Amino acid sequence: MNVLVINCGSSSLKYQLINSDTEEVLAKGLCERIGIDGRLVYQKAGCDKEVTEAAMPTHKEAIQMVLDALTNDKTGAIESLKEIDAVGHRVVHGGEKFASSVVIDDEVIKAVEECNDLAPLHNPANLIGINVCKELMPGVPMEAVFDTAFHQTMPAKDYLYGLPIEYYEKYKVRRYGFHGTSHSFVSKRTVEFLGLDPENSKVIVCHLGNGSSISAVLNGKCIDTTMGLTPLEGVVMGTRSGNIDPAIMEFIAKKENLDIAGIMNVLNKKSGLQGLSNLSSDFRDLENAAKSGNKNAENAIEVLCYGIAKFVGGYVAALNGVDAITFTAGIGENAATVREKVVGYLGYLGITLDEEANGKRGEEIVISTPDSKVKVCVIPTNEELAICRETVALVK
Ligand code: AMP
């Protein structure tokens, strides 16, 4: 069957049409600048990217353009919309209501709306995508795959913050965690790839990209993760601060005359690798700058790697041991220096790095030496394929 995977943001939308039998991507692309001017990028498998500038006042025009591109006489991947058998929607926040993917009906839409407070930038955009697809493709089964669902197995001792319990009771303020689709996909794949026993496995997944999070997965179930109520918590990220002393917020607010929105803007958009380096949020830029002796870029990389190693150490304690540590996402899959530095902190686990393997890219690979007590590997993530698989499982 053919599954259209939709990842709807506030002014952008990514899509992939996947044949679930062969897991081949038939076409993919994105719509950008929705509500501003509008740009469609479309790429059929084996063909060059096509870029079309066209007005997209709302997500409805954007999705209509995607469907037109997919069914275009000359360059379409399919002949008609009848060839789309299901749509899988990425939904960022499922709160405590969703511990797995679900078939979308009116009740699900209402429950997702009730989570809007928890992800005010993302969930409303995800809902727009769902509603527009329902309107343009009536009768096609739609599924919601949540970023938070995989982490719902965390026990209370992990998800409760040291705050008055009434904030949890009244407002559900707790750790939720994100990137769940990736953590689920990569931890499962690690177990398969290494031939571990799924019922007796301890895996730590380091999803390191522009947004980064780490999770501890025991026998296939998440028991802890670094992101929290929002994706701001945890390791240093592209522009997000990760963990800080909360009192810094008041201190900086007074010094810089900022209100809460101003402080949140700093923590979300101006901190992390960007803030530390005062140069770029892109890891490649920092690597190049550090090579030419830029001290701030060097420090940013060190802060990142040391922070990752500390979380990994904590999760070894949480899991009471570890069988495998897996790196994934843009930095995790590509930045050999980050893997080398992080593994450099983990000698106490009996791990040594296979430098030649660590230098390779673009494949599933073990990067620890054969005599290492814990396996370290790189597994490329594929969130769209994971959403496609979840969608097919629900439709069937
Ligand atoms: P993601 O959010 O997963 O797309 O990851 C984006 C991050 O991956 C950015 O910081 C990129 O600089 C980083 N990245 C992508 N390719 C490379 C590469 N070849 N070497 C180092 N970092 C990379």
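The structure we're discussing is the one just above.
Please read all numbers here as calculations on a predicted model, not as lab measurements.

Undergrad: So what's going on with the overall build of the protein? Which residues, and what values?
TA: A count of helical and extended segments in the protein gives 15 helices and 14 strands. In terms of overall dimensions, the protein has C-alpha extents of about 60 × 55 × 45 Å along its principal axes. Residues counted as buried form 49% of the 396 residues belonging to the protein. Taking the intrachain contacts of the protein between residues at least 6 apart in sequence as the baseline, contacts between residues at least 24 apart amount to 60%. Total accessible area on the protein stands at roughly 18,600 Å², and carbon and sulfur atoms take up 50% of it. Each charge sign in the protein was given a centre, from 39 positive and 53 negative side chains, and these centres are 3 Å apart.

Undergrad: Pulling in residues and values, what's your account of the pattern of salt bridges?
TA: Summed over the entire model, instances satisfying the criterion amount to 18 salt bridges. Among the ionic pairs, Lys-170 bridges to Glu-166, the shortest N-O distance being 3.3 Å. Residue Lys-170 and its partner Glu-166 are located together in helix H5 (residues 165–171), separated by four residues, close to a single helical turn. Residues Glu-250 and Lys-254 are paired through a salt bridge, measuring 3.0 Å at the closest nitrogen-oxygen approach. Residue Glu-250 and its partner Lys-254 are located together in helix H7 (residues 247–256), separated by four residues, close to a single helical turn. Through salt bridges with shared partners, a single network forms among Glu-96, Lys-172 and Arg-174.

Undergrad: If you had to explain the sheet that holds strand S13 (residues 365–366) to someone new, which residues and values would you point to?
TA: Sheet strands pair by backbone hydrogen bonding; their relative direction is either parallel or antiparallel. If you walk across this open sheet you meet the six strands as S11-S10-S9-S12-S14-S13, and the pairing is mixed. A single partner strand is all that each edge strand has here, and the edge strands are strand S11 (221–225) and S13. Direction of pairing for strand S12 (residues 324–328) relative to strand S14 (residues 375–378): parallel, over a ladder of four bridges. Residue pairing in the sheet places Ile-325 in a bridge with Val-376 of S14. Contacting strand S9 (202–208), strand S10 (212–218), S12, S13 and S14, helix H6 (residues 180–194) crosses the sheet at an angle of about 130 degrees to S9.

Undergrad: I'd like a description of the packing of aromatic side chains, backed by residues and values.
TA: On inspection of all chains with the given rule, the structure shows five aromatic pairs. When the centroid spacing of 6.3 Å and the interplanar angle of 20 degrees are considered together, the rings of Tyr-167 and Tyr-171 count as stacked. A residue pair is termed a helical-turn pair when its members lie 3 or 4 positions apart in one helix, as Tyr-167 and Tyr-171 do in helix H5 at four residues. You can call Tyr-167 partly exposed: its relative accessible area is 35%. Between Phe-311 and Tyr-315, the ring centres sit 6.4 Å apart and the planes meet at 45 degrees, which makes this aromatic pair tilted. Residue Phe-311 and its partner Tyr-315 are both found in helix H11 (residues 295–319); the two are separated by four residues, about one turn of the helix. Lying over the aromatic face of Tyr-168, Lys-172 brings its terminal NZ or CZ to 4.6 Å of the ring centre.

Reading the values: rules and limits
- Residues numbered from 1 in each chain as written.
- Predicted model: local features only at pLDDT ≥ 70, side-chain atom pairs only at ≥ 80, totals over all residues.
- Heavy atoms only, no water.
- Helix = DSSP H or I, 4+ residues; strand = E, 2+ residues; numbered from the N terminus.
- Buried < 20%, exposed > 50% of the residue type's maximum accessible area, 1.4 Å probe, protein only.
- Contact = heavy atoms within 4.5 Å.
- Areas by Shrake-Rupley, 256 points an atom, 1.4 Å probe, with all protein chains shown as cover.
- Lys, Arg positive; Asp, Glu negative; His and termini not counted.
- Charge placed at Lys NZ, Arg CZ, Asp CG, Glu CD.
- Salt bridge = Lys/Arg side-chain N within 4 Å of Asp/Glu carboxyl O.
- Pairing = 2+ DSSP bridges.
- Axes fitted to C-alpha atoms, helices over the stretch in contact; angles between N-to-C directions.
- Phe/Tyr/Trp six-rings, centres within 6.5 Å; stacked < 30°, edge-to-face > 60°.
- Lys NZ or Arg CZ within 6 Å of the ring centre and 35° of its normal.

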